[in-house]
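For reference, the chains in residue letters:
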Amino acid sequence: MRIGYPCINRSIGCSANRTFRLANYSEKRLFETVAGNLDCLFRILRENVRNGFFFHRISSDLVPFASHPVCIHSWQHEFAADFTAIGKFIRAHGIRISMHPDQFTLLNSPRVEVVERSVAELAYHAEALDLMGLDEDARIQIHVGGAYGDKAAAVERFVERFHLLDHAVRRRLAVENDDRLFTFADCCRVFERVGIPVIFDNLHHAVNSSGEDLPSVFRRLSQLWPTRCGVPMTDYSDQAAEAKPGVHAEHLDAESFAGYLRATVGHDFDIMLEIKDKEKSAAVALAIARREAAARLVGASEMFCRNHVLRSLTAENCPGVGCKAKNSDYS
DNA sequence: TCTGGTCAAGGTGGT
DNA sequence: ACCACCTTGACCAGA
């Protein structure tokens, strides 16, 4: 199990998702911005490793306007060495990477222009991950899309468009259950049609599902991720108190998170914490996960420890000497 | 220097 | 047909 937070680190003092207004677009502006974003991304990743966060979502703004017609400049060539270096670091430390194009990326829109823009946006994401030399466990996560008054037909259009995508995109795609239209069960149907893994989002599931409990969701989930794609990716958030259902909490709810881990014991998966205070809650979550894992590992063999606990957890719990000695740290 | 209106992109649902 | 809302950060024009 690896734990991480999306895109932005609030304490490190740099931003890896800086952008600018389209009206101010220039090659100079683009290259300066991308250079800064890549530099900051590398800093964030190093800081994450230091803190035990081995799952990270890279911002879609890494290269602003990358899929826009205005972008005729070869950022790929200009920054090839930077992408390579970051990718090498990612692989060396076993960091799991995801990217999440935003709501405008819609494969199943009835409008041809919308689909064309979406395909270009997906191609950009795949290209960024390819330049880093990452394999298929680095995923591009999107939603199924709009319903357009007929969910079944909307899924059919998704399937149809999926088959037209380049291999570079198809091999990295994953669909996530959303909070309004397409449930986890709907995403599983997409999996059955095109074989792309499903990213489970607990808060969306709480707001929009047919009520499957966590154990049944995770039993299914484990069937949706072939080895080459890595362990299942999940998004975790708590509901913000006194806000509309589906709104992300400002801080992690320690008790809820511990309960979530207990309800999913026995499954290996990575957790992206979509909590507003980012790395702060990720640190709390990591401490909770280590505590829970340690509690489970008391009396367990070193072999069990080595084989069954996620990397974030093993980094300190299982330094290769056996886990019992370290359990006192968490009791 | 500060601030709030606005920013590439779409869809849904209420009126 | 039209408009507010979704959800978020940060850009940047104007004060």
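Computed from a predicted structure; not experimentally measured. (Residues numbered from 1 in each chain as written. Chains lettered and ligands numbered in written order. Predicted model: local features only at pLDDT ≥ 70, side-chain atom pairs only at ≥ 80, totals over all residues. Heavy atoms only, no water.)

Below, the discussion takes up the overall build of chain A. Secondary structure summary: chain A contains 14 helices and eight strands in total. By the burial criterion, 53% of the 331 residues in chain A qualify as buried. Sequence separation of at least 24 residues holds for 77% of the intrachain contacts in chain A that already meet a minimum separation of 6. Carbon together with sulfur atoms contributes 51% to the accessible area of chain A, which is approximately 15,100 Å² in total. (Helix = DSSP H or I, 4+ residues; strand = E, 2+ residues; numbered from the N terminus. Buried < 20%, exposed > 50% of the residue type's maximum accessible area, 1.4 Å probe, protein only. Contact = heavy atoms within 4.5 Å. Areas by Shrake-Rupley, 256 points an atom, 1.4 Å probe, with all protein chains shown as cover.)

In this section: the packing of aromatic side chains. Applying the stated criterion to the full structure yields 15 aromatic pairs. For the ring pair Phe-42 and Phe-89, a centre distance of 5.3 Å and an interplane angle of 65° mean the geometry is edge-to-face. With a gap of 47 residues between them, Phe-42 in helix H1 (residues 27-51) and Phe-89 in helix H3 (residues 80-92) connect regions that are remote in the sequence. As far as the burial class goes, Phe-42 and Phe-89 line up, both buried. Pairing Phe-218 with Tyr-260 gives two aromatic rings, centres 6.1 Å apart and planes at 80°, and the pair type is edge-to-face. (Phe/Tyr/Trp six-rings, centres within 6.5 Å; stacked < 30°, edge-to-face > 60°.)

On to the protein's contact with DNA strand C. Near DNA strand C you find Ile-8, Arg-10, Arg-18, Thr-19, Phe-20, Arg-21, Asn-24, Arg-29, Lys-244 and Lys-276, and these make up its full shell. The protein-proximal atoms of DNA strand C, defined as those within 4 Å of the protein, are 79% sugar or phosphate. With respect to DNA strand C, the side chain of Arg-18 contributes an N or O atom lying 3.3 Å from a phosphate oxygen. Taking Lys-244, its side chain carries an N or O atom lying 2.3 Å from a phosphate oxygen of DNA strand C. Here the residues of the surface near DNA strand C are counted per class, giving two nonpolar, two polar and six charged. (Near = heavy atom within 4 Å. Polar contact = N/O pair within 3.5 Å; in protein donor to acceptor, adjacent residues only side chain to side chain. Nonpolar A, V, L, I, M, F, W, Y, C, P; charged D, E, K, R; others polar.)

Looking now at the protein's contact with DNA strand B. Contacts to DNA strand B come from 18 residues, most closely from Leu-22, Gln-103, Ser-109, Ala-147 and Tyr-148. Within 4 Å of the protein, atoms of DNA strand B come from sugar and phosphate in 50% of cases. Take Arg-117: an N or O atom from its side chain is 3.2 Å from a phosphate oxygen of DNA strand B. In the environment of DNA strand B, a sugar or linking oxygen lies 3.4 Å from a nitrogen or oxygen atom belonging to the side chain of Arg-180. Grouping the constituent residues of the surface near DNA strand B by class yields seven nonpolar, five polar and six charged.

On to the nonpolar core, then. One finds Leu-173, Phe-257 and Leu-273 to be the most contacted residues of the largest nonpolar core, which totals 91 residues. The leading source of residues in this core is H1, at ten residues. For Phe-257, the contacting residues outside a window of four places in its chain are Ile-3, Tyr-236, Leu-252, Ile-271, Leu-273, Ala-285 and Ile-288. (Core = buried A, V, L, I, M, F, W, Y, C linked by side-chain atoms within 4.5 Å.)

Let us now look at the sheet that holds strand E7 (residues 233-236). Judged by pairing direction, the barrel is parallel, and its eight strands sit side by side in the order E1-E2-E3-E4-E5-E6-E7-E8 before closing back on the first. Direction aside, the axes of adjacent strands within the sheet are offset by 30° on average. Judged from the three bridges that link them, strand E1 (residues 3-6) and strand E2 (residues 55-58) form a sheet pairing that is parallel. Among the inter-strand pairings, Gly-4 is bridged to a residue of E2, identified as Phe-55. Against the sheet, helix H11 (residues 279-297) engages E1 and strand E8 (270-273), with an angle of about 165° to E1. (Pairing = 2+ DSSP bridges. Axes fitted to C-alpha atoms, helices over the stretch in contact; angles between N-to-C directions.)

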